[in-house]
Amino acid sequence: MTAGADVQQRPANARRPPDPRRRSFWLLSLPSTVALALFLVVPLLLMAALSFRADLSGQLLAPFAPTLKQYQAAFASEGYWRLLGTSALIALGVAAISTLLAYPIAFFLAFRAGRRATIYLILLLVPFWTSYLLRVMAWKLMLGSEGVINSVLLGTGIIQTPLDALLYNRGAVVVTLVYVWIPFATLPILAAMGRIDDRLHDAAADLYASPWQQLRRVTLPLSLPGVVAAFFMVFIPTVGEYVTPLLVGGPSGTMFGNIIQDFFTRAANWPLGSALSMVMLGATLALVMVGFRVVQPRRLIGR
Amino acid sequence: MSASKRAAPALRGYVWLLLFLLYLPIGLLFLFSVNANTSLTFPLKGFTFQWYEKLFATPALLHAVGNSLLVAVGSSLVATILGTMIAILLSRFEFRAKGLLTGLATLPLIVPYVVLAVALLVLFRAAGIPLSLVTIGLAHVVVALPYTTLIVFARLVGFDRGLEDAAMDLGATYPRTLLLVLVPIAAPAIASAWITAFTVSFDEFALALFLAGKDPTFPVYLYGQLRFATTLPVMIATAVLLMAASLTLILGAEVIRRRAS
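Residues numbered from 1 in each chain as written. Chains lettered and ligands numbered in written order. Predicted model: local features only at pLDDT ≥ 70, side-chain atom pairs only at ≥ 80, totals over all residues. Heavy atoms only, no water.

## Overview of the overall build of chain A
Part 1 of the argument: Scanning chain A from terminus to terminus reveals 14 helices and zero strands.
Part 2 of the argument: When the helices and strands of chain A are read in sequence order from the N terminus, they spell out α-α-α-α-α-α-α-α-α-α-α-α-α-α.
Part 3 of the argument: Here chain A has a C-alpha radius of gyration of 25 Å; the compact-globule value for 303 residues is 19 Å, and the former is much larger.
Part 4 of the argument: Structurally, chain A occupies a C-alpha span of about 65 × 65 × 30 Å along its principal axes.
Part 5 of the argument: Looking at chain A as a whole, 47% of its 303 residues qualify as buried. (Helix = DSSP H or I, 4+ residues; strand = E, 2+ residues; numbered from the N terminus. Rg over C-alpha atoms; globule rule 2.2 N^0.38 Å. Buried < 20%, exposed > 50% of the residue type's maximum accessible area, 1.4 Å probe, protein only.)

## Here we look at empty space enclosed by the protein
Residue and element names in this part refer to chain A.
Part 1 of the argument: Evaluated as defined, the whole model comprises three cavities of 30 Å³ or more.
Part 2 of the argument: Each pocket or cavity is described by its volume, and for the largest cavity that value is around 60 Å³.
Part 3 of the argument: Surrounding the largest cavity, Ala 74, Phe 75, Tyr 80, Trp 81, Leu 84, Phe 256, Leu 276 and Val 279 form its lining.
Part 4 of the argument: Sorting the residues of the lining of the largest cavity by element identifies α3 (69-76), α4 (78-112) and α13 (270-295) as the ones contributing at least two each.
Part 5 of the argument: In terms of residue class, the lining of the largest cavity is built from eight nonpolar, no polar and no charged. (1 Å grid on protein atoms, 1.4 Å probe; cavity = no way out; pocket = protein on both sides within 12 Å on 5 of 7 lines; lining within 4 Å. Points joined across faces, edges and corners; volume = space filled by probe spheres on them. Nonpolar A, V, L, I, M, F, W, Y, C, P; charged D, E, K, R; others polar.)

## Thoughts on the nonpolar core
Part 1 of the argument: Within the largest apolar cluster, 169 residues are counted, with the highest numbers of intra-cluster contacts made by A:Phe256, A:Leu276 and B:Phe210.
Part 2 of the argument: Leave out the neighbours within four places in its chain, and A:Phe256 touches A:Tyr80, A:Leu83, A:Leu84, A:Ser87, A:Leu276, A:Val279 and A:Met280.
Part 3 of the argument: The next biggest cluster of nonpolar side chains, apart from the first, holds five residues, and it includes A:Val228, A:Phe232, A:Ile236 and B:Ile110. (Core = buried A, V, L, I, M, F, W, Y, C linked by side-chain atoms within 4.5 Å. Contact = heavy atoms within 4.5 Å.)

## Describing a nonpolar patch on the surface
Residues and elements named next belong to chain A.
Part 1 of the argument: The grouping of Trp 26, Leu 30, Val 34, Leu 38 and Val 42 at the surface amounts to a nonpolar patch, some 460 Å² of accessible area in total.
Part 2 of the argument: By the element assignment, Leu 30 lies in helix α2 (residues 22-50).
Part 3 of the argument: Residue Leu 30 is classed as exposed on the basis of its relative accessible area, which comes to 51%. (Patch = residues over 30% accessible without salt bridge, like charges linked within 9 Å, V, L, I, M, F, W, Y side chains within 5 Å. Areas by Shrake-Rupley, 256 points an atom, 1.4 Å probe, with all protein chains shown as cover. Salt bridge = Lys/Arg side-chain N within 4 Å of Asp/Glu carboxyl O.)

## Thoughts on helix α5 (residues 113-127) of chain B
Every α-helical turn comprises 3.6 residues, leaving residues that sit three or four positions apart pointing alike.
Residue and element names in this part refer to chain B.
Part 1 of the argument: Along its 15 residues, α5 runs 21 Å from first to last C-alpha, staying within 8% of the 21 Å computed at 1.5 Å per residue.
Part 2 of the argument: The buried fraction of α5 amounts to 12 of the 15 residues, a majority that puts the element mostly inside the structure.
Part 3 of the argument: Within the span of α5, buried status applies to Val 114, Val 115, Leu 116, Ala 117, Val 118, Ala 119, Leu 120, Leu 121, Val 122, Leu 123, Phe 124 and Ala 126.
Part 4 of the argument: A positive phi of about 70 degrees marks Gly 128, the residue just after α5. (Expected span 1.5 Å × (residues − 1).)

## Regarding the interface of chain B and chain A
Part 1 of the argument: The partner chain A presents 80 residues to the 82 residues of chain B that form the contact.
Part 2 of the argument: Together, the buried faces of chain B and chain A total about 7,500 Å²; carbon and sulfur atoms form 81% of this surface.
Part 3 of the argument: Between chain B and chain A we count zero salt bridges in total.
Part 4 of the argument: Remark: the boundary between chain B and chain A carries five residue pairs in polar contact (both at pLDDT 80 or more).
Part 5 of the argument: If one sorts the elements of the side of chain B that touches chain A by residue count, helix α1 (residues 9-33) of chain B sits on top with 16 residues.
Part 6 of the argument: Along the lines of polarity and charge, the residues of the side of chain B that touches chain A split into 69 nonpolar, four polar and nine charged. (Buried area = accessible area lost by both parts, 1.4 Å probe. Polar contact = N/O pair within 3.5 Å; in protein donor to acceptor, adjacent residues only side chain to side chain.)

## Quick look at the confidence of the model for chain A
Detailed conclusions should not be drawn from predicted coordinates in areas where pLDDT is low.
Residues and elements named next belong to chain A.
Part 1 of the argument: Here chain A averages 83 in pLDDT, and 90% of its residues register 70 or above.
Part 2 of the argument: When pLDDT is averaged over each element of chain A, α2 comes out on top at 92 and helix α1 (residues 3-15) at the bottom at 48.
Part 3 of the argument: Predicted confidence for residues 1-8 stays below pLDDT 50, and this span has three contacts to residues more than four positions away or in other chains. (pLDDT = per-residue confidence, 0-100.)

## Some points on the pattern of salt bridges
Residues and elements named next belong to chain A.
Part 1 of the argument: Tallying each qualifying case throughout the model produces five salt bridges over all chains.
Part 2 of the argument: For Asp 197, the salt bridge is made with Arg 199, and the minimal N-O distance between the two is 2.7 Å.
Part 3 of the argument: Ionic pairing is found between Arg 266 and Asp 262, a salt bridge with its closest N-O pair at 2.9 Å.
Part 4 of the argument: The partly exposed category is assigned to Asp 262, whose relative accessible area is 27%.

## Remarks on the side chain of B:Ser201
Part 1 of the argument: Here B:Ser201 lies in helix α8 (residues 174-202).
Part 2 of the argument: Discounting residues that sit within four places of it in the chain, B:Ser201 has contacts with B:Val71, B:Ala72, B:Ser75 and B:His140.

Have a look at this one:
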């Protein structure tokens, strides 16, 4: 474990004359710690406190008798559980599909694009700089009843009446999110592949490994940390997604984030919304921890 | 380096197909931004620049874009300065709360945006702070901080501390050493951290929707306009222009990066 190294260093540091950097240390650490405390820790704690309130009567900071009422309401309703499950499933699907589709692109960029790799990479990332809302809107134009897909199918005579089932459902949410995340998912895989020595492939080929065997036995295991990182980099933001379902989801495409948004806006039930936020935060943190257990992030940094 | 291997036709075809699919919706947006019809449907009605003209005649829209710029510039500056400070702490100092600071600085990567938005909303309500561009900016600082910290940290951690020791042996105080040695070393990373933070903020919607006051940023304004079909082409034209601007920005950044390395 690397922790041992730190422990050995500390007594050595302690015996030195007072560090001339002492004042700098405080000047450097104070602003960031204050900012993180005020705008990350305190808000989450306030939200946690709010989730134990019975209602929102009186001041937000006024003392109150803590109650588990909101959590009981959240856990008793089968609807919330189903929605949480759906959101996790959508995120799982989106993360898996984007990672899978991104993998060959990363492979191409890392080992086959040669000197044009940077151009391809920029080509891949430009869509990322287009308004997120409008990229989602663009999929409405693709999938809508007067959209591109229907126009093409009608024009070629494959169908006679436009398909309504393309938009405003879970499938539309998945397609749109996969579209949004593919470029992003490519990056960590590419980073992991950048550390693979291409001569390993030559060595494998010299030893009569077929291209498929090379991929399975050399490239895949060595790029696995990047694959896992890509998966989580898509999975985490997708679980908490509420914008895309709002635009293309329809009733069946609603996600957990949407009810939280609802309770803080239209429905105006902040305590219940806070409890549901706590559930979501807990579930996300738990999943990330499980993920980190499986992959050991140190392998992502080291070789 | 030796000549790279040729990609199998299937792989090359796959990459091109995916790039095509990636650009199809964007091409569609571009098409409708010069199409002489308010409804975004086929067949196209003919070429026009009227949406681009209308864009510049819509003060509320220009104001919203200006707001987005303001928030992005402000929040990215703060996030870059704070991130650089944290990166220096993590790469150059030994202290007991190091793990805690690392965890806190990267926590926003894991907290879902809705949850963070809602939590900040509770904070601002509790503290009696009215929602405004500042509240959006603060949220953007929080979500950009992990990126700026990690980018600058990655640069500093790979650099020999000998230079700083030398500067201090020659009589420079530590603050001077920071400014004259460490910051120049980290400059390329600081620049790319700033650009990253800027792009994180500029188009951010999920947090801004909760934290916007009466004065919207462009994504919030755009969201409000989605209900009105007639203004959509103007919105799309704006997005096309903004994309062109951001493309210039990234290409510029790429040039800077190449010169630096």
